[in-house]
Each structure stands twice: as structure tokens, then as C-alpha cells.
Amino acid sequence: MMSIRTKFFFSLALYGVFSALLFFTHFFGFNVDREFEFWPLFFIMFAMSVSYGLLTAHASALDIKNKKIILYFALTALFFIVLFFFMKPPEFILNDLYIYYFHAKIFAYYHANPYMLAPADFMGDASLFFLKNWMSQSFNYGPVWLLISAAPALLTANIVLGVYFLRILIFAIFLATIFASRYLFEADMKKVFLFSAHPLMLYWVVLGGHNDVAIVFFIILSFIFLKKEKYFFSIIFFSLSIII
């Protein structure tokens with residue numbers, strides 16, 4: 001009969017193995033649009049979800065007062081975060097990042113209103129070559145996200161470099177969210193670890209660079225101030241999360 005700690009590390013090892021397999025499928029350009037490649041990707045992602053579920057169940061019963069275990073948690077979370085950050089993004093994720101960047105470029109570089117204009121209105125821009133979808137769609141996020149995403153567009157007019165800067169920016173927000181979660185979870189390192197290593201956070205935020213993490217960041221700050229009964233700041237941060 002395996003102990004709780006053994007079960008935990010076994011499920012963690014499974015999660016690591018399937019994460020590494022996902023890394024290599026992306027490295028070799030597996031595409032969900034091709035049926036032969038869809039099923040291996042589906043199986044790997046499903047296996048990741050199951051192993052993460054087991055990981056969560058075993059972690060809840062694990063006592064981690066030992067500082068070595070806490071350090072192991074931190075290093076393991078770092079491994080997953082770095083693995084997914086350097087994973088090759090698939091085409092459908094890249095297109096989202098290109099759209100984020102181009103709308104920010106309309107605002108920061110062309111000094112135009114992305115709520116009124118779409119990428120298709122800038123046909124002379126060579127960056128349009130990278131956009132595959134939503135070229136005729138105007139900006140559909142809030143003003144806070146427009147201001148945040150404008151930073152990479154101010155740094156460069158090159159869309160490839162701009163998307164790289166955008167991913168770094170979102171990655172920094174993700175790290176800030178993990179740091180803030182320590183206060184929300186009252187330094188419960190199990191919860192912090194499970195939050196930072198969650199497959200949706202790793203895939204859609206660290207790899208995919210989606211802006212959902214900015215919403216989560218402001219909501220966590222809102223809850224922190226709510227727990228401290230500082231209602232004004234709680235309302236401010238909650239309002240910021242709404243207009244991302």
C-alpha cells in the first residue's frame with residue numbers, strides 16, 4: 001500500500017511526463033486540425049488533466065511543513081512554468097497573440113481608435129501577413145487591457161518581436177498573480193503550487209499568453225483587500241478586472 005507522499009510524487013511524475021510529451025508534440029508541429037495528430041494531442045491533454053486531478057487529491061492530504069518539501073514544490077512549479085513558456089505555440093494560439101498585438105499597435109503606433117477600426121483598415125501594414133482570422137473585427141476587450149498591451153507596441157512595430165514582448169509581459173503578470181495568491185491562500189504552499197501548475201494556467205497563460213490572467217490578478221488583489229476590510233481598494237481592483 002503506497003503512502004500519501006508516494007502517491008503524490010507518483011502523480012506528479014505522471015503530470016511531468018505528459019507535460020514533456022506535450023512539449024515534444026508542439027516542437028514537432030502537431031496540429032489539432034489534422035486528424036492523425038489530433039488524437040495524440042487529445043490523449044496527452046486528457047492524461048495531463050487526470051494526473052493533475054490525482055495530484056490535487058493527494059496534495060490535499062499531504063503535510064508539507066518540511067522546508068525541503070516546500071522547496072521541492074517551488075522548483076517543480078518553476079520547471080512546469082519554464083517548460084510551457086519555451087514550448088512552441090501552435091498556430092491557433094499565435095493568431096490570438098497577433099490579434100492582441102495588432103490592436104495595440106493601432107492604438108499605440110497609429111494613434112487610432114481600435115474600437116472603431118479593425119486590422120483590415122491598415123492594408124499597407126506588412127504585419128497583416130501573420131493574421132489569419134478576425135482581420136475585420138475591431139477591439140473587443142476593455143480599456144485596461146488596451147493600455148497594458150500597448151506597452152509592447154510602443155517598444156517595436158515588428159509583430160514577431162512585439163508578440164514576444166507581449167508573452168513576456170503576460171508571463172510577468174502570471175508571476176505577480178502567483179505572488180499575490182500567497183496572500184490570498186495565507187501562505188498555503190500546496191494551494192499556491194496547485195494554482196501555478198494548473199494545466200489551464202500553464203497552457204493558456206504561460207504558453208498561450210491569454211489575457212485572462214490579468215483578470216485573475218486584479219480579482220485576487222480585490223479579495224486580498226476585501227479580507228483586510230479595505231473595501232475601497234477592493235472595489236477598485238474588482239472594477240479593473242471587469243474592464244480588462
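Below you will find a few notes about this structure. None of the values given here were measured: they were computed from a predicted structure.

A few points about the packing of aromatic side chains
Under the defined criterion, the tally for this structure stands at 29 aromatic pairs. The ring centre of Tyr-109 lies 5.3 Å from the NZ or CZ of Lys-105, which sits over that ring. Sitting above the plane of the Phe-85 ring, Arg-167 keeps its charged end 4.8 Å from the centroid.

Brief notes about the side chain of Thr-177
By the element assignment, Thr-177 lies in helix α6 (residues 159-184). Among all residues touching Thr-177, those that are not within four sequence positions of it are Phe-195, Val-213, Val-216, Phe-217 and Ile-220.

Here's the deal with the side chain of Ser-51
Within the secondary structure layout, Ser-51 lies in helix α2 (residues 35-60). Judged by its relative accessible area of 2%, Ser-51 is buried. At 2.9 Å, the side chain of Ser-51 forms a polar contact with the backbone oxygen of Met-48. With sequence-adjacent residues up to four places away left out, Ser-51 is seen in contact with Ser-11, Leu-14, Tyr-15 and Phe-18.

Description of helix α10 (residues 231-242)
Since one α-helical turn is 3.6 residues long, residues separated by three or four positions face the same way. End to end, α10 covers 16 Å across 12 residues, agreeing with the expected 16 Å (1.5 Å per residue, within 8%). Among the residues of α10, Ser-234, Phe-237 and Ser-241 are the ones counted as buried. Down the axis of α10, the smallest arc covering the buried residues is 75°, so these residues share one side. For α10, the exposed residues lying more than 90 degrees away from the buried face are Phe-232, Ile-235 and Ile-242. Next to the buried residues of α10 lie α9 (212-227).

Conventions used here
- Residues numbered from 1 in each chain as written.
- Predicted model: local features only at pLDDT ≥ 70, side-chain atom pairs only at ≥ 80, totals over all residues.
- Heavy atoms only, no water.
- Phe/Tyr/Trp six-rings, centres within 6.5 Å; stacked < 30°, edge-to-face > 60°.
- Lys NZ or Arg CZ within 6 Å of the ring centre and 35° of its normal.
- Helix = DSSP H or I, 4+ residues; strand = E, 2+ residues; numbered from the N terminus.
- Contact = heavy atoms within 4.5 Å.
- Buried < 20%, exposed > 50% of the residue type's maximum accessible area, 1.4 Å probe, protein only.
- Polar contact = N/O pair within 3.5 Å; in protein donor to acceptor, adjacent residues only side chain to side chain.
- Expected span 1.5 Å × (residues − 1).
- Arc of directions from axis to C-beta.

On their own, these measurements won't tell you what the molecule is for.
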